[in-house]
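Chains, contacts and geometry: an overview
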Amino acid sequence: MTRTLQLTLALLKPDVAGRPHIVEEIRRIVLNDGFFFVRSKHLYLPRSKAEEFYKEHEGRFFHNRLVSFMSSGHLWSHILARDDAIGAWRRLMGPTKVFQTMHHHPETIRGRYGLTDTRNATHGSDSEETAKREISFFFPEFDVDEWYKKEEVYFRQGSVKYCEENFVHKPSCNETSEFSKV
Ligand code: GDP
Ligand code: MG
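All values reported here derive from a predicted model rather than from experimental measurement. (Residues numbered from 1 in each chain as written. Chains lettered and ligands numbered in written order. Predicted model: local features only at pLDDT ≥ 70, side-chain atom pairs only at ≥ 80, totals over all residues. Heavy atoms only, no water.)

Core analysis: the largest hydrophobic core is formed by 30 residues, its most contacted members being Leu7, Val38, Met70, Phe138, Phe142, Trp147 and Phe155. If you tally residues by element for this core, the top one is helix H4 (residues 63–70), at four residues. Residue contacts for Trp147: discarding those within four places in its chain leaves Leu5, Leu7, Val38, Ala81, Phe142, Glu152 and Phe155. Core analysis: the second largest hydrophobic core is formed by 24 residues, Ala10, Val16, Ile26 and Phe37 among them. (Core = buried A, V, L, I, M, F, W, Y, C linked by side-chain atoms within 4.5 Å. Buried < 20%, exposed > 50% of the residue type's maximum accessible area, 1.4 Å probe, protein only. Helix = DSSP H or I, 4+ residues; strand = E, 2+ residues; numbered from the N terminus. Contact = heavy atoms within 4.5 Å.)

As structure tokens, then:
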């Protein structure tokens with residue numbers, strides 16, 4: 001029996017998003033771990049939006065440098081799908097604090113590419129509820145329930161291809177390719 005796929009939000013933060021060869025390496029790591037790229041977007045997050053995104057950390061000592069950093073350059077945001085996507089992506093990223101992670105988990109994305117505890121390469125949702133909120137924050141046009149109704153089956157059955165041009169999996173990489181209604 002196949003399990004339903006789970007969705008998560010992944011961000012490549014400005015420290016890595018501005019370095020194309022590292023973006024490429026991280027994408028390879030993600031693909032090799034069995035993830036699908038459901039949607040991808042390259043964007044700039046203004047400071048006010050960064051503050052909204054990290055509202056839960058308001059008042060923490062690192063909050064100001066975190067939101068400054070997040071709005072210091074462009075980001076890549078991705079909706080990823082996989083069995084246990086939330087946990088799997090957080091395991092690939094490694095623990096939050098890079099100065100420890102680079103010693104204790106050097107094989108992880110943060111261990112390899114993170115620069116400091118603030119500039120730690122990537123973000124991943126930490127629960128299903130957070131994932132849903134964070135997906136609609138970055139992809140307001142994306143409807144999670146519609147995706148489960150119309151697209152999830154293509155991914156679960158492996159009837160999708162990775163399209164390098166726009167970093168998404170689709171039934172085929174023709175420009176006109178769409179998920180037809182099931
Ligand atoms: P995450 O879910 O692993 O990203 O970690 P958190 O949700 O706890 O924190 C959000 C982000 O704030 C982290 O990814 C870091 O960029 C930053 N951050 C968290 N803890 C610290 C810290 O102790 N020091 C600094 N400088 N930044 C931190
Ligand atoms: Mg977090």
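What follows covers the UniProt feature "active site" (unreviewed entry) in the protein chain. Under the present numbering, the feature "active site" (unreviewed entry) in UniProt falls on His123. As for its position among the elements, His123 is in strand S4 (residues 122–124). By relative accessible area, which is 10% here, His123 ends up buried. When near neighbours in sequence (up to four residues on either side) are disregarded, His123 contacts Leu9, Ala10, Leu11, Lys13, Phe53, Tyr54, Trp89, Met93, Arg110 and Glu134. (UniProt positions renumbered as here; feature names shortened; annotations may be inferred.)

Turning our eyes to something else, we now look at the layout of surface pockets. Of the pockets and cavities examined, the largest pocket occupies roughly 500 Å³. Lining the largest pocket are 23 residues, with His57, Phe62, Leu66, Thr96 and Asn120 positioned closest to its centre. Counting only elements with at least two residues in the lining of the largest pocket, the list comes to H4, S4 and helix H8 (128–138). For the lining of the largest pocket, the element with the highest residue contribution is S4, accounting for three residues. Within the lining of the largest pocket, the residues separate by chemical class into four nonpolar, nine polar and ten charged. Here the second largest pocket is characterised by a volume of approximately 180 Å³. Along its surface, the second largest pocket is lined by Thr4, Leu5, Gln6, Leu7, Ile86, Glu128, Ala131, Lys132, Ile135, Val144 and Tyr148. Every element with two or more residues in the lining of the second largest pocket is listed here: strand S1 (6–12), H8 and helix H9 (144–150). Among the elements that line the lining of the second largest pocket, the one with the most residues is H8, at four residues. Here the residues of the lining of the second largest pocket are counted per class, giving seven nonpolar, two polar and two charged. (1 Å grid on protein atoms, 1.4 Å probe; cavity = no way out; pocket = protein on both sides within 12 Å on 5 of 7 lines; lining within 4 Å. Points joined across faces, edges and corners; volume = space filled by probe spheres on them. Nonpolar A, V, L, I, M, F, W, Y, C, P; charged D, E, K, R; others polar.)

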